[in-house]
Amino acid sequence: MAGDGAPHEDHAQRLERLRAEVTAALRRRDLADDGEERGDGHHHPAEAATDADLRERDLRQQLRWREREARLQAALAAIDAGTYGICVDCGSEIPEGRLRVLPDSVRCVPCQRVASRRR
Ligand SMILES: [Zn+2]
């Protein structure tokens, strides 16, 4: 271990921790779903509607988590490859302050703005 002051070490640790959190949340959700599916079988129509709503919101949340997991994974891979903190679009360095707030960002601020507008 390089000790403190290694420029990317704390990013890597943070990313690992965030990824572990997302993975754990997703796993809990999977288990919860499983239990529900196998549930005791009495369904009230009113509850079913609420369930559907909840399930849809859940799915969207899960999708966001999975996207986040993928981004964190990509950022960790970039650290390994030595390309972490470099904008994927223009190749300039992403400011340290931005990486602290958004450790999984792969673009500098101007490029991110362009990319979000393209969506
Ligand atoms: Zn850029």
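Up top is the structure.
Residues numbered from 1 in each chain as written. Predicted model: local features only at pLDDT ≥ 70, side-chain atom pairs only at ≥ 80, totals over all residues. Heavy atoms only, no water.

K.L.:
It is not clear to me how the overall build of the protein should be interpreted in this structure. Could you clarify?
P.N.:
Helix and strand counts for the protein stand at four helices and zero strands. What you see in the protein, going N to C, is helices and strands ordered as α-α-α-α. When each of the 119 residues of the protein is scored for burial, the buried share is 23%. (Helix = DSSP H or I, 4+ residues; strand = E, 2+ residues; numbered from the N terminus. Buried < 20%, exposed > 50% of the residue type's maximum accessible area, 1.4 Å probe, protein only.)

K.L.:
Is there a simple way to think about the coordination of the zinc ion in this case?
P.N.:
Around a metal, the ideal angle is 109.5 degrees if four donors adopt a tetrahedral arrangement and 90 or 180 degrees if six donors adopt an octahedral arrangement. Coordination sphere of the zinc ion, protein contribution only: C87 (SG), C90 (SG), C108 (SG) and C111 (SG), at 2.2 to 2.3 Å. Geometry at the zinc ion is tetrahedral, judged from the four donor atoms that bind it and their angles of 103 to 117° at the metal. All donor residues of the zinc ion come from one chain, and their arrangement in sequence is C-x2-C-x17-C-x2-C. Residue C90 is located in the loop between helix 2 (45–81) and helix 3 (96–101), and its partner C108 is located in the loop between helix 3 and helix 4 (109–118); the two are separated by 18 residues in the primary sequence. The class for C108 is buried, based on a relative accessible area of 7%. (Donors = N, O, S within 2.8 Å, 3.2 Å for Na, K, Ca; no water. Tetrahedral: all angles 85-135°; square planar, octahedral: opposite > 155°, others 65-115°.)

K.L.:
So what exactly am I meant to see when it comes to the nonpolar core here?
P.N.:
A general trend in soluble globular proteins is that nonpolar side chains are found buried together. By size, the foremost hydrophobic cluster in this structure holds 16 residues, and its most contacted members are L15, L72, I79, Y84 and C87. Looking at this core, the elements that each hand over two or more residues are helix 1 (9–37) and helix 2. For C87, the contacting residues outside a window of four places in its chain are S92, I94, V106, R107, C108 and C111. (Core = buried A, V, L, I, M, F, W, Y, C linked by side-chain atoms within 4.5 Å. Contact = heavy atoms within 4.5 Å.)

K.L.:
Can you help me understand the pattern of salt bridges in this one?
P.N.:
When the charged atoms of two side chains with opposite charge come close together, those side chains can pair. The final tally for this structure, using the stated rule, is eight salt bridges. Note that D10 is salt-bridged to R100, the shortest N-O span being 3.2 Å. Linking D10 in helix 1 with R100 in helix 3, this pair joins segments that are 90 residues apart in sequence. For R100, a relative accessible area of 41% puts it in the partly exposed group. Put simply, R19 and E16 hold a salt bridge, and the shortest N to O gap is 2.9 Å. Residue R19 and its partner E16 are located together in helix 1, separated by three residues, close to a single helical turn. In the salt-bridge network here, residues are joined through shared partners; they are D10, E96 and R100. (Salt bridge = Lys/Arg side-chain N within 4 Å of Asp/Glu carboxyl O.)

K.L.:
Please clarify how the side chain of E69 should be interpreted in this entry.
P.N.:
You can see E69 is positioned in helix 2. Although E69 is buried, it forms no salt bridge, and the closest oppositely charged side chain is R66 at an N-O distance of 4.5 Å. (Lys, Arg positive; Asp, Glu negative; His and termini not counted.)

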